Every structure is written in structure tokens, then in C-alpha cells.
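Each chain is listed here by its residues.
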Amino acid sequence: MAVKPNAQGSSVGVSRVDRREELATAWEMARALDPVVLAESWITGKELHAAILDNEPLPLVWVEAPGGFYTYDAKYNSDATRYHCPSGLDPEVEERVRMLALQSFHLLGCRGWGRVDVLLDESSHPYVLEVNTLPGMTDHSLVPMAAREAGMDFDELVMRILEGSHGER
């Protein structure tokens, strides 16, 4: 199972618990970061990220992290993490994941832009991990990577985000 603090990002405080004896330590570590601790099934598979821009899901980014878990270190410090955009998925599976991401984004009342993180198990069944309403926007972040694949440079992406936010409250 995965044990994590409710209100953290970048996999901070997330623990994989494989044995009952590990649960208390994982819970304490997460509790030190947030009073609300979540426990959920551990899903093994491909970690996919769907950027949403103006009600349109951009091409998926498949993140291949060392050890199979996209940790804080894998995100910001490792040269071994691989990013695949295009994702290399079967086009039908990719479209299904993109539509699930868009539906999840709308279901939570999100507008404009964001990112939906999904795990795709070995049977190609998608599981929504989370919706990020303010994802990273550095030149190596996942939303700009997906935008590049869709034909947008960083400046155009930023302008589209700003234009999309005009008048929203």
C-alpha cells in the first residue's frame, strides 16, 4: 500500500508499505507532514501525466523512474529518470487515458489548465492518482514537455495559460 500525507507534493512523505510492521513508521512519517494521512492500494504500472489546457488534454508523458517509483529524488535529482513524450502507448489506450484525465479534471470543477496523474496497470486499466491545479512550470516540467509535443513552445504555453485565465473567478 501507499501511505502519504494529504497535502504535500512531489512525492514528499510517501512510503510504500509491503509488510504490516512498516505501517506505523510510514504513518508517523506522513503524519509529521500533515494531520490527514491517506492509505491506498499500491498499483504497479506506468506513471502517466496528462496536461490539460483549455479543455483539451495534451499528449501524455510517460515517466519511467528508477525503481519504479517517481520519488522526489527521481523528479529533481536523478539523471536515470526517463521521460517519454510521445508516450509510446497504443493510440486507443492513450486516448482513453487522456479522456479519463479530462473527465477527472472537470469532475473536480477545475478550469483552464492543470495536470492529471494516472497509473496504468499491466492490464491497461487506468487509475487516477491526483489532479494538480498548479503543476510545475520550469523548462523541464511535464506540462511544458507535453506542450512541446503538441507544437507549443514555452512562451506560447504561458500566454495560452494567461489568456485562459482572463475573467475566470
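From a predicted model like this one, the values you see are computed outputs, not experimental measurements. Position numbers for residues count from 1 along each chain, tracking the sequence in the order it is written. For a predicted model such as this one, the threshold for reporting local features is a pLDDT of at least 70, and the threshold for listing and counting side-chain atom pairs is 80 or more; totals across whole chains, interfaces and linings nevertheless cover every residue. To get the side-chain values, all heavy atoms of the structure are used, and hydrogens and water are removed first.

Enquirer: For this particular structure, what's the right way to read the environment of Gly-9?
Expert: By the criteria applied, helices consist of DSSP H or I runs no shorter than four residues and strands consist of E runs no shorter than two, each listed in order from the N terminus. In this structure, Gly-9 sits in the loop between β1 (2-5) and β2 (15-16). Accessibility here uses a 1.4 Å probe with only protein chains present; expressed as a share of the type maximum, an area under 20% marks a residue as buried, one over 50% as exposed, and anything in between as partly exposed. Using a relative accessible area of 39% as the deciding quantity, one classes Gly-9 as partly exposed. C-alpha of Gly-9 to C-alpha of Pro-135: the two residues are 126 residues apart in sequence and 9.5 Å apart in space.

Enquirer: I'm lost on the layout of surface pockets in this one. Help?
Expert: Any residue with an atom within 4 Å of a point lines the site, the site being either a cavity, points on a 1 Å grid over the protein atoms alone where a 1.4 Å probe fits but cannot get out, or a pocket, an open set with protein on both sides within 12 Å along at least 5 of 7 lines. Grid points are joined across faces, edges and corners, and a volume is the space filled by probe spheres set on the points. In this model, the largest pocket occupies a volume close to 1,100 Å³. Together, 47 residues line the largest pocket, and Ser-11, Glu-47, Lys-75, Asp-117 and Glu-130 are the ones closest to its centre. Every element with two or more residues in the lining of the largest pocket is listed here: β1, β3 (37-40), β4 (45-53), β6 (61-64), α2 (72-76), β8 (113-121) and β9 (126-132). Grouping the constituent residues of the lining of the largest pocket by class yields 20 nonpolar, 17 polar and 10 charged. Under this grouping Gly is polar, as are all residues other than the nonpolar Ala, Val, Leu, Ile, Met, Phe, Trp, Tyr, Cys and Pro and the charged Asp, Glu, Lys and Arg.

Enquirer: For this particular structure, what's the right way to read the nonpolar core?
Expert: As a rule of thumb, nonpolar side chains are buried together in soluble globular proteins. Residues grouped as a nonpolar core are buried Ala, Val, Leu, Ile, Met, Phe, Trp, Tyr and Cys residues, joined through side-chain atoms within 4.5 Å. Core analysis: the biggest nonpolar cluster contains 18 residues, and Leu-53, Leu-58, Val-61, Tyr-70, Leu-142 and Leu-157 have the highest contact counts within it. Among the elements of the structure, β4, β6, α4 (142-149) and α5 (154-165) are those that each provide at least two residues to this core. The leading source of residues in this core is α4, at five residues. Pairs of residues are marked as contacts when any of their non-hydrogen atoms sit within 4.5 Å. The contacts of Leu-53, once residues within four sequence positions are left out, are Leu-58, Gly-112, Trp-113, Met-152, Leu-157, Arg-160 and Ile-161. The next biggest cluster of nonpolar side chains, apart from the first, holds 15 residues, and it includes Leu-48, Ile-52, Leu-60 and Val-97.

Enquirer: How should the pattern of salt bridges be read in this particular structure?
Expert: Pairing between side chains of opposite charge can happen when the charged atoms of each approach one another. One side-chain nitrogen of Lys or Arg within 4 Å of one carboxyl oxygen of Asp or Glu is enough to make a salt bridge. Applying the stated criterion across every chain, the model contains eight salt bridges. The salt bridge involving Glu-22 is made with Arg-19; its shortest N-O contact spans 3.3 Å. Take Glu-22: its relative accessible area is 24%, and that puts it in the partly exposed class. Within the structure, one salt-bridge network assembled from shared partners comprises Arg-19, Glu-21 and Glu-22.

Enquirer: What exactly am I supposed to notice about the pairing of β8 here?
Expert: Most of β8 is tucked away: nine of the nine residues are buried. Of the pairings in the sheet, the one linking β4 to β8 comprises nine bridges and is antiparallel in character. Bridge pairing links Ile-52 to Gly-114 in β8. Between any two strands, pairing holds if DSSP finds at least two bridges. As defined by bridge partners, β8 adjoins β9 across six bridges and the pair is classed as antiparallel. Counterpart to Asp-117 in the pairing with β9 is Glu-130. Linking β8 to β9, which pair antiparallel, is a turn of four residues; within it Ser-124 sits at a positive phi near 65 degrees.

Enquirer: Mind showing me how you'd approach the environment of Gly-13 here?
Expert: Looking at where Gly-13 falls in the secondary structure, it is placed in the loop between β1 and β2. Sequence spacing of Gly-13 and Ala-26 is 13 residues, and the spatial spacing of their C-alpha atoms is 8.3 Å. With sequence-adjacent residues up to four places away left out, Gly-13 is seen in contact with Val-3, Lys-4, Pro-5, Met-29, Ala-30 and Leu-33.

Enquirer: Explain the packing of aromatic side chains to me, please; I cannot follow it from the model alone.
Expert: Ring pairs (aromatic) are described by centroid distance and by the angle formed between their planes. Centres within 6.5 Å make a pair out of two Phe, Tyr or Trp rings, where for Trp the six-membered ring is used; the pair is then stacked when the planes are under 30 degrees apart, edge-to-face when over 60, and tilted otherwise. According to the stated counting rule, one finds three aromatic pairs in the structure shown. By definition here, charges over rings are those cases where NZ of Lys or CZ of Arg is within 6 Å of the ring centre and within 35 degrees of the ring normal. The lysine or arginine in question, Lys-46, covers the ring of Trp-62, its NZ or CZ lying 4.2 Å from the ring centre.

Enquirer: Which parts of the structure should I look at to understand the environment of Val-131?
Expert: Note that Val-131 resides in strand β9. Separated by 22 residues in the primary sequence, Val-131 and Asp-153 have C-alpha atoms spaced 23 Å apart. Those residues in contact with Val-131 that sit more than four places away from it in its chain are Ser-104, Phe-105, Leu-108, Cys-110, Arg-115 and Val-116.

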